[in-house]
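Residue strings, one per chain:
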Amino acid sequence: MKESSNGELDRIDRNILRALQRDGRLANADLAKMVNVSAATCHRRTQRLIEEGFVASIRAQISPASVGLGTLVMVGVVLDRSTPESFAEFEKAVGAMREVLDCNLVAGDFDYLLKIRVRDMAGFNLLHGRQLIALPGVRQIRTFFVLKEVKDNAPLAF
């Protein structure tokens, strides 16, 4: 089978990506066996997939509770103004907050949806009082404490 290039994915590329998505610690030799190619071919394809941006990162997924961050909070934010400047200022400030895991500009009732990890409710109360309400351009914040994580960071279906 001809190796894909120029941003195209063939069956082998997709299989490599699926396997790495399940376990980013796979040794190249094991990955090569799984996708039925030589180790050299597998290494070359994997490097290309990384260089072309198909693999955004390879990292360990840490259990939040094991490091004292067992409380997950989703926060909807409405800004005062919907201007590029106000969005940029808000995004810069949120980008500097280590407790914010994800920040997404959304359509609907909020401008942004934040995913935040803290130790506990008291920790969130401190974060809320010291940082969240002081974020630039914030008109309204709605907080949702996650009671149970049913599905988190699921593999992409492709």
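For the structure, check the block above.
Parameters and conventions
Residues numbered from 1 in each chain as written. Predicted model: local features only at pLDDT ≥ 70, side-chain atom pairs only at ≥ 80, totals over all residues. Heavy atoms only, no water. Core = buried A, V, L, I, M, F, W, Y, C linked by side-chain atoms within 4.5 Å. Buried < 20%, exposed > 50% of the residue type's maximum accessible area, 1.4 Å probe, protein only. Helix = DSSP H or I, 4+ residues; strand = E, 2+ residues; numbered from the N terminus. Contact = heavy atoms within 4.5 Å. Pairing = 2+ DSSP bridges. Axes fitted to C-alpha atoms, helices over the stretch in contact; angles between N-to-C directions. Phe/Tyr/Trp six-rings, centres within 6.5 Å; stacked < 30°, edge-to-face > 60°.

Generally speaking, nonpolar side chains in soluble globular proteins are found buried as a group. Core analysis: the largest hydrophobic core is formed by 18 residues, its most contacted members being Val 77, Phe 90, Leu 114, Ile 116, Phe 124 and Leu 132. When contributions to this core are tallied by element, the ones reaching two or more residues are β1 (71-79), α4 (84-95), β3 (112-118) and α5 (121-130). In contact with Leu 114, other than residues within four places in its own chain, are Val 73, Met 74, Val 75, Val 77, Phe 90, Val 94, Val 100, Asp 102, Cys 103 and Leu 132. Of all hydrophobic cores here, the second largest spans 12 residues; its members include Ile 12, Ile 16, Ala 32 and Cys 42.

One open sheet accounts for four strands, arranged β2-β3-β1-β4; its pairing is antiparallel. Both outer strands of the open sheet, β2 (100-105) and β4 (138-145), are each paired with one neighbouring strand and no more. Averaged over neighbouring strand pairs, the angle between their axes works out to 20° when direction is ignored. Note: β1 against β3, seven bridges, orientation antiparallel. Residue pairing across strands places Gly 76 opposite Leu 113, the latter belonging to β3. Sheet strands touched by α4: β1, β2, β3 and β4. Its angle to β3, the strand with the most contacts, is close to 10°.

The subject of this paragraph is the pairing of β3. Burial analysis of β3 places six of its seven residues in the buried class, the great majority of the element. Note: β2 against β3, five bridges, orientation antiparallel. The residue of β3 that forms the bridge with Leu 105 is Tyr 112. The hairpin turn running from β2 into β3, its antiparallel successor, is six residues long, and Gly 108 in that turn takes a positive phi close to 125°.

Within a pair of aromatic rings, the relevant descriptors are the distance that separates the centres and the angle that separates the planes. Considering all chains together, one arrives at four aromatic pairs under this definition. Ring plane angle 75° and centroid distance 6.3 Å describe the contact between Phe 110 and Phe 144, whose orientation is recorded as edge-to-face. Placement of the pair is Phe 110 in the loop between β2 and β3 and Phe 144 in strand β4, with a sequence separation of 34 residues. By relative accessible area, which is 16% here, Phe 110 ends up buried. Three or more aromatic residues link up through ring pairs in this structure, and these residues are Phe 87, Phe 90 and Tyr 112.

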